[in-house]
Structures are given as structure tokens and as C-alpha cells.
Amino acid sequence: MRYFNPIGAHPSALIGELPNGVPQNLVPYVTQTAMGIREKLSVFGDDYDTPDGSCIRDYIYVVDLAKAHVIAMKRILEGKQKDKVEVFNLGTGRGLFSIGTGSFISKKLTGVKLNYQIVGRRAGDIVKVWADPTYANQELGWKADTPILDVLRSAWNWQVHLRE
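Everything numeric in this text was worked out from a predicted model, so none of it was measured. (Residues numbered from 1 in each chain as written. Predicted model: local features only at pLDDT ≥ 70, side-chain atom pairs only at ≥ 80, totals over all residues. Heavy atoms only, no water.)

Caption draft 1: Focus on the pairing of strand β2 (residues 41-44). The side-chain alternation of β2 yields one buried face, formed by Leu-41 and Val-43, and one unburied face, formed by Ser-42 and Phe-44. Sheet topology note: the β2/strand β5 (residues 116-119) ladder contains four bridges and is parallel. Each bridged residue has a counterpart across the sheet, and for Val-43 the counterpart in β5 is Ile-118. (Buried < 20%, exposed > 50% of the residue type's maximum accessible area, 1.4 Å probe, protein only. Helix = DSSP H or I, 4+ residues; strand = E, 2+ residues; numbered from the N terminus. Pairing = 2+ DSSP bridges.)

Caption draft 2: Spatial organisation of the packing of aromatic side chains. Tallied over the full model, the rule gives one aromatic pair. Here the aromatic rings of Phe-88 and Tyr-135 are separated by 5.1 Å at their centres, their planes lie at 20°, and the arrangement is stacked. Taken as a pair, Phe-88 in the loop between α2 (62-77) and α3 (99-110) and Tyr-135 in helix α4 (residues 134-140) lie far apart in primary sequence, 47 residues in all. Residue class for Phe-88 comes out buried when judged on its relative accessible area of 4%. Positioned above the aromatic ring of Tyr-48, the side-chain terminus of Arg-121 is 3.8 Å from the ring centre. (Phe/Tyr/Trp six-rings, centres within 6.5 Å; stacked < 30°, edge-to-face > 60°. Lys NZ or Arg CZ within 6 Å of the ring centre and 35° of its normal.)

Caption draft 3: How the structure looks around the nonpolar core. Counting 17 residues, the largest nonpolar core has Ile-7, Leu-26, Val-27, Val-30, Leu-41, Leu-114 and Leu-152 as its most contacted members. Elements that contribute at least two residues to this core include exactly α1 (26-35), α3 and α5 (148-163). Per-element tally for this core: the top contributor is α1, with five residues. Judged by nonpolar contacts, the second largest core, of nine residues, contains Leu-65, Phe-88, Leu-90 and Leu-140. (Core = buried A, V, L, I, M, F, W, Y, C linked by side-chain atoms within 4.5 Å.)

Written out as C-alpha cells, the structure is:
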């Protein structure tokens, strides 16, 4: 299984991402900024060839990711794999949102205007990147199909739960 940028929390808000120290992943940083734990989010560059000038990434919901692992394990246990080793790319197959879109969604979910600042580009950042999950979709019958608003709502609910 190959994937990157898993985000969100269980719908119960009882299980989620709790980084040690300063988050290195975007969504916990966004939710912590909206909650007032972090002062502001740094956006690395605003001059990329994207709608708002920030990088675009593929984000996969942790629950969709877990479902893919369950399906793959069942496939192995039932001896249905095609080869001894199979490689599956897990993702949505598209760049879901840029920083600007994420900021807009954050305000819609939390009611808080996200405090962010534009800073210089990070060395090595790729402008747009996402997975091609076609093989996983076809072979596993799996798809990352949870709407991004629901995914981000789960992350926000998790952050709120931590404050209770």
C-alpha cells in the first residue's frame, strides 16, 4: 500500500491524529490554528501555477485508508492476490485542495477565519501531486470516496473533542 497525506479522524471523534509538539501535517496544523492553539499557519509559496498559487495535494481519509487495508488483508487471507507482492496506490486520484481552498473550508466548518501568512517556498516542493488509485479501484473494488467536507469535519470534531 502506497499513500500519502492521510487526514481526518474517526467519525466518533474518539480516535484521531495527536501530533507530539508542532504538527508537521497540514490538517492538524489548520485545526489547531482554528482552535487558537497555534498563532498562524505558514503557507509555503503563493506563486505556483495553481488557482491560488499554493501547492495542491491528494489527501486520503484515514477511514477510507483503513477500509483499503481490511480489503487487502481479506484478499491475502483468501489467497486471491495475483502475485506474491502487489502494489496499490491509495488516494483520491486528484488534488483535493490547495491552502486557499482549505482555509475557506476551515472557516465554513469552524466559523473561524484561519490566520495564515504567506512565506517563501520550501525547497523541493512539488506544485501538484496525487496518487493514481486505478489499480486499487479495479482490483480491490475500493475507492476513497468520503467527501472532503466530511473528512475535514471529522478532523475538526476530533480537535473539539480534545478540548472537552
